[in-house]
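Coordinate inspection notes
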Amino acid sequence: MSRWKALPGELDPRVRQLVVRLRRLKDHSGLSLRQLAAKSGYSASSWERYLGGRSLPPREAVEAMARIGGDDPTRLLALHEVAAEAWGEGRAGTSAPDGSGAPEAPEAPEATGTAGAAGAAHTVEVAGALQAAGADDTGPYNLSAPNKEARHGRSLRVALVAGSVALVLAVSSAVLLAVRLSDGDSRASATPLGSATSSVSPSASPSGPRTYACEVERIHGRWYAGNSRTLDAVLAEGLAGPEVAEAQCLLRRAGLAPGVVDGIFGPHTKSAVEQLQKRAGLVVDGIIGRHTWGALRR
């Protein structure tokens, strides 16, 4: 397994979760950076930035990594959506006088795929618009009225562009989350698990936060709580749905405290997952994957 350098301390936890997952897939594939570049169409230097947390990989690069590592691209792209929203928030909320805080435009893939080229070109276009809008905001200022108005106009354009990018990312994440919740509810209702040995009462008020029932029983040597039968869904802080509720129920069965069984992966759930991973001798990263599910189901 590769010896990875520590990620930057200021890296958002949601971006950190995506990078950790990509590092795992790279280690699992056994490929070097050059071999990964040849298979994915993104250069070795690009992957070095992506896996070092210095640049957010484009959606096409994440899909390529999922394909190479044999992982479910839907789960990995869900992490990417959350990380992209966090990355957009960081860009919108940070401004450096010397321009050093401007985001690095991701490198277009070396392969000639139509979808990959279009995605990279779109990202470069957005980053270029941000840089062009704020490029003249540095240097000494003339306090005359015309220059002050010009500076105000440039600042307004920067704010509008950054706000639009953040809004698009937020709407995309909300739509994806709604689809995943609907799909999870239909699967949970179609596969009942039988009688309950322990339960959590449902939400008392329609306007309050949703809670899930924990109908825990052992089937074919594995524990199930009646919300999902998944064995390999990738869950991380910020996600929600019946798979999260299933994990919360099984964490309670293991004697840990994930908080309210509401199907939302929050700080309490993450802390309980880390305790379980430490107890089971797994990598302690607070992300539920195939190995952590194995520890929960045993």
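Here the structure is shown first, and the text comes after it.
Let us look at the structure shown here.

Conventions and cut-offs
Residues numbered from 1 in each chain as written. Predicted model: local features only at pLDDT ≥ 70, side-chain atom pairs only at ≥ 80, totals over all residues. Heavy atoms only, no water. Helix = DSSP H or I, 4+ residues; strand = E, 2+ residues; numbered from the N terminus. Buried < 20%, exposed > 50% of the residue type's maximum accessible area, 1.4 Å probe, protein only. Salt bridge = Lys/Arg side-chain N within 4 Å of Asp/Glu carboxyl O. Contact = heavy atoms within 4.5 Å. Disulfide = S-S within 2.5 Å. Core = buried A, V, L, I, M, F, W, Y, C linked by side-chain atoms within 4.5 Å. Phe/Tyr/Trp six-rings, centres within 6.5 Å; stacked < 30°, edge-to-face > 60°. Lys NZ or Arg CZ within 6 Å of the ring centre and 35° of its normal.

Attention now moves to the environment of Val216. Mapping Val216 onto the fold places it in the loop between α7 (145-190) and β1 (217-219). In this structure Val216 comes out as buried when scored by relative accessible area, which is 5%. In this structure the C-alpha to C-alpha distance between Val216 and Cys249, which are 33 residues apart in sequence, comes to 7.7 Å.

Turning our eyes to something else, we now look at the pattern of salt bridges. Under the defined criterion, the tally for this structure stands at 10 salt bridges. A salt bridge links Arg14 to Glu89; the nearest nitrogen and oxygen atoms lie 3.1 Å apart. Highlighted residues: Arg14 in helix α1 (residues 13-29) and Glu89 in helix α5 (residues 73-93), separated in sequence by 75 residues. In this structure Arg14 comes out as partly exposed when scored by relative accessible area, which is 26%. Among the ionic pairs, Lys270 bridges to Glu237, the shortest N-O distance being 3.7 Å. On the criterion of sequence distance, the pair formed by Lys270 in helix α9 (residues 267-280) and Glu237 in the loop between β2 (222-224) and α8 (242-253) is long-range, its members being 33 residues apart. The class of Glu237 is partly exposed, set by a relative accessible area of 22%.

Within the secondary structure, Ile264 is located in the loop between α8 and α9. Each C-alpha atom of the pair Ile264 and Gln248 lies 9.0 Å from the other, and the pair is 16 residues apart in sequence. Contacts of Ile264, omitting those with residues within four sequence positions, involve Leu239, Ala240, Val244, Gln248 and Thr269.

Linking two cysteines covalently via their sulfur atoms produces the bond known as a disulfide. Applying the stated criterion across every chain, the model contains 1 disulfide. The residue that forms a disulfide with Cys214 is Cys249, at a sulfur-sulfur distance of 1.9 Å. Across the S-S bond of Cys214 and Cys249 the torsion is about -75°, and the bridge reads as left-handed. With Cys214 in the loop between α7 and β1 and Cys249 in helix α8, the pair connects residues that are 35 residues apart, well separated along the chain.

A word on the nonpolar core. By size, the foremost hydrophobic cluster in this structure holds 30 residues, and its most contacted members are Val15, Leu18, Leu22, Trp47, Met65, Leu76 and Leu79. Listing elements by their share of this core, those giving two or more residues are α1, α3 (44-51), α4 (59-69), α5 and α7. Here this core gets 7 residues from one element, more than from any other, and that element is α5.

Summed over all chains, the structure comprises 3 aromatic pairs. Plain terms: the ring middles of Tyr42 and Trp47 are 6.4 Å apart, the flat faces sit at 70° to each other, and that makes the pair edge-to-face. Each member of the pair, Tyr42 together with Trp47, is buried. Ring geometry for Tyr42 against Tyr50: centres 6.4 Å apart, planes inclined by 65°, an arrangement best described as edge-to-face. For Tyr42, a relative accessible area of 2% gives the class buried. Over the ring of Tyr224 we find Arg229; its NZ or CZ atom is 5.4 Å from the centre of that ring.

No statement about biological role is implied by the geometric values presented.
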